[in-house]
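Commentary on secondary and tertiary structure
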Amino acid sequence: MKTFKLPDLGEGLQESEIVEWHVQAGDQVEVDQLLVSVETAKAIVDVPSPQAGVIARCFGQPGDQVHVGEPLVVFEGEAEDSGTVVGDLGVGNLGKTDASAGLAAEEFHIGMSPSTRDYQPARATPSIRRLAQQLDVDLARLHGSGDSGLISEEDVRRAAEPLGQGQGEALRSVRRTMAKNMARAHAEVVPVMLVEDADLHAWTAPVRDPMIRLTRAIAIACKAQPALNAGFDGRRLTVQPHAQIDLGVAVDTPDGLFVPVLRDIAERDPDDLRRGLAQLREDVAKRSIPPRELMGATITLSNFGTLFGRYANPIVIPPQVAIIGAGTLRKQPVAWEDQVVIHPVLPLSLTFDHRAVTGGEASRFLKALVLDLQLPE
């Protein structure tokens, strides 16, 4: 028998949640036939069969968490055919698991990327992970008593005894990843915030397409102060400037926060940017956006003002060093040529990581951003 393990889904994604199984034990499958659909923090991914053969066993149930390198299915016999690893984006159900079956079987899986090797998940079957979630036990803190450190049900229940039964509903997929990212940012980043208003009275009334103007102004500011369009490695204390400006655009959805990436914003005209933004938003709404389009941002924009609010303290997610927040565009009294007049004003917030960016660099960045926004359309 050969065990097919969850392959590396790309872009550093290490865990997923089983959505739907498309096969069950005893089924004959062909190369590239859909086996299971899993939901990562970024999208729903269909996983095809790497070989033709008969399914002997499926591991896990819908709702179970499964990590890269953990078993998905066992094939009967020694089938020779093999195929692709990860298929198109879509939706997908899983059978039952044995606490240890298949973990010692001959493996059939794709090698892990460097990002996967850096991350060693706790050794536990999907059913044990599900139990750990129910009992609010962090598997990463456990040392399994089974073979090669495999975590058992007894290990989990023993760890839960001092804490009692977990309360509330476990976070999943996008919200789960958001919680982890926020905790990481809180632990690593040294955030400082600057705020300023952009007076947009020079724009043609009524104000048209502020999102595109914001995108252009961010590109101008990054060119004026490249230190904010960079990656910072807090462990090695190294800074990597980025030649291209890839803007992460925060998008609010009922499932949680998505941040698709608008590539190379400095070299695209307004119409191209407008089409690109519309496509990203449509793909996020449909949950059909490829994971690669949610990775690799060099700086981020949170346009929360389309919902509500004036200023904010946006969170910088490493390795980025800066994020811009745009509040609600409003008309308000301002002093103009020694007169009190009513102008459209856009409140802006900038959070930067003070480990990598100086206050002077951040101030000059925000000034360049505001000055470009205040120019006529």
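Residues numbered from 1 in each chain as written. Predicted model: local features only at pLDDT ≥ 70, side-chain atom pairs only at ≥ 80, totals over all residues. Heavy atoms only, no water.

A look at the packing of helix α5 (residues 210-224) against helix α7 (residues 359-373)
- Remark: α5 packs on α7, axes separated minimally by 8 Å, with the N-to-C direction vectors making an angle of 140 degrees. If you check the angle between α5 and α7, you find them oblique. Like other packed secondary-structure pairs, α5 and α7 cross with a definite hand, here right-handed. Residue-level contacts link Arg213, Leu214, Arg216, Ala217, Ile218, Ile220, Ala221, Cys222 and Ala224 of α5 to Phe365, Ala368, Leu369, Asp372 and Leu373 of α7. (Axes fitted to C-alpha atoms, helices over the stretch in contact; angles between N-to-C directions. Helix = DSSP H or I, 4+ residues; strand = E, 2+ residues; numbered from the N terminus. Parallel < 35°, antiparallel > 145°, perpendicular 65-115°, else oblique. Left-handed = near helix turned anticlockwise from the far one by under 90°. Contact = heavy atoms within 4.5 Å.)

Looking at the side chain of Glu39
- Checked against the element boundaries, Glu39 lands in strand β4 (residues 34-39).
- Judged by relative accessible area, which is 15%, Glu39 ranks as buried.
- At 3.0 Å, the side chain of Glu39 forms a polar contact with the side chain of Arg287.
- Dropping the residues within four chain positions of it, Glu39 is found in contact with Ser16, Glu17, Val19, Ile44, Ser173 and Arg287. (Buried < 20%, exposed > 50% of the residue type's maximum accessible area, 1.4 Å probe, protein only. Polar contact = N/O pair within 3.5 Å; in protein donor to acceptor, adjacent residues only side chain to side chain.)

Some thoughts on the nonpolar core
- Counting residues in hydrophobic clusters, the biggest one holds 45 residues, and the most contacted among them are Ile218, Ile299, Leu348, Leu369 and Leu373.
- Formed by 18 residues, the second largest nonpolar core is a distinct cluster that contains Phe4, Val36, Val66 and Phe75. (Core = buried A, V, L, I, M, F, W, Y, C linked by side-chain atoms within 4.5 Å.)

Quick word on a nonpolar patch on the surface
- The grouping of Met193, Val195 and Tyr311 at the surface amounts to a nonpolar patch, some 250 Å² of accessible area in total.
- According to the relative accessible area criterion, Tyr311 is partly exposed, its value standing at 38%. (Patch = residues over 30% accessible without salt bridge, like charges linked within 9 Å, V, L, I, M, F, W, Y side chains within 5 Å. Areas by Shrake-Rupley, 256 points an atom, 1.4 Å probe, with all protein chains shown as cover. Salt bridge = Lys/Arg side-chain N within 4 Å of Asp/Glu carboxyl O.)

What about helix α4 (residues 173-188)?
- End to end, α4 covers 23 Å across 16 residues, agreeing with the expected 22 Å (1.5 Å per residue, within 8%).
- Of the positions making up α4, those classed as buried are Ser173, Val174, Thr177 and Ala185. Summarising the axial view, the buried residues of α4 lie within an arc of 85 degrees, below the 170-degree limit, and thus occupy one face. Exposed and facing more than 90 degrees away from the buried side of α4 are His186 and Ala187.
- The inward-facing, buried residues of α4 contact β2 (15-21), β4 and β15 (256-258). (Expected span 1.5 Å × (residues − 1). Arc of directions from axis to C-beta.)

Digging into the pattern of salt bridges
- For the structure on display, the rule yields 18 salt bridges.
- The residue Arg263 makes a salt bridge to Glu293 at a minimum N-O spacing of 4.0 Å. One end of the pair, Arg263, is in the loop between β16 (261-262) and α6 (270-286); the other, Glu293, is in the loop between α6 and β17 (299-302), with 30 residues separating them in the sequence.
- A relative accessible area of 25% places Arg263 in the partly exposed class.
- Assessed through its relative accessible area of 23%, Glu293 is described here as partly exposed.
- Residues joined in a network through salt bridges with shared partners are Asp246, Arg263, Arg292 and Glu293.

As for unusual backbone geometry
- Between Pro318 and the following residue, Pro319, the backbone shows a cis peptide bond with an omega angle of 10 degrees.
- Secondary-structure assignment places Pro319 in the loop between β17 and β18 (322-326).
- In this model, Asp136 sits at a positive phi of 60 degrees, which is unusual for a non-glycine residue.
- At Asp338, a residue that is not glycine, the phi angle is positive and equals roughly 65 degrees.

Observations concerning the pairing of strand β12 (residues 238-241)
- As judged from the 4 bridges shared by strand β11 (residues 230-233) and β12, these two strands associate in the antiparallel manner. For Phe232, the partnering residue across the bridge sits in β12 and is Val239. (Pairing = 2+ DSSP bridges.)

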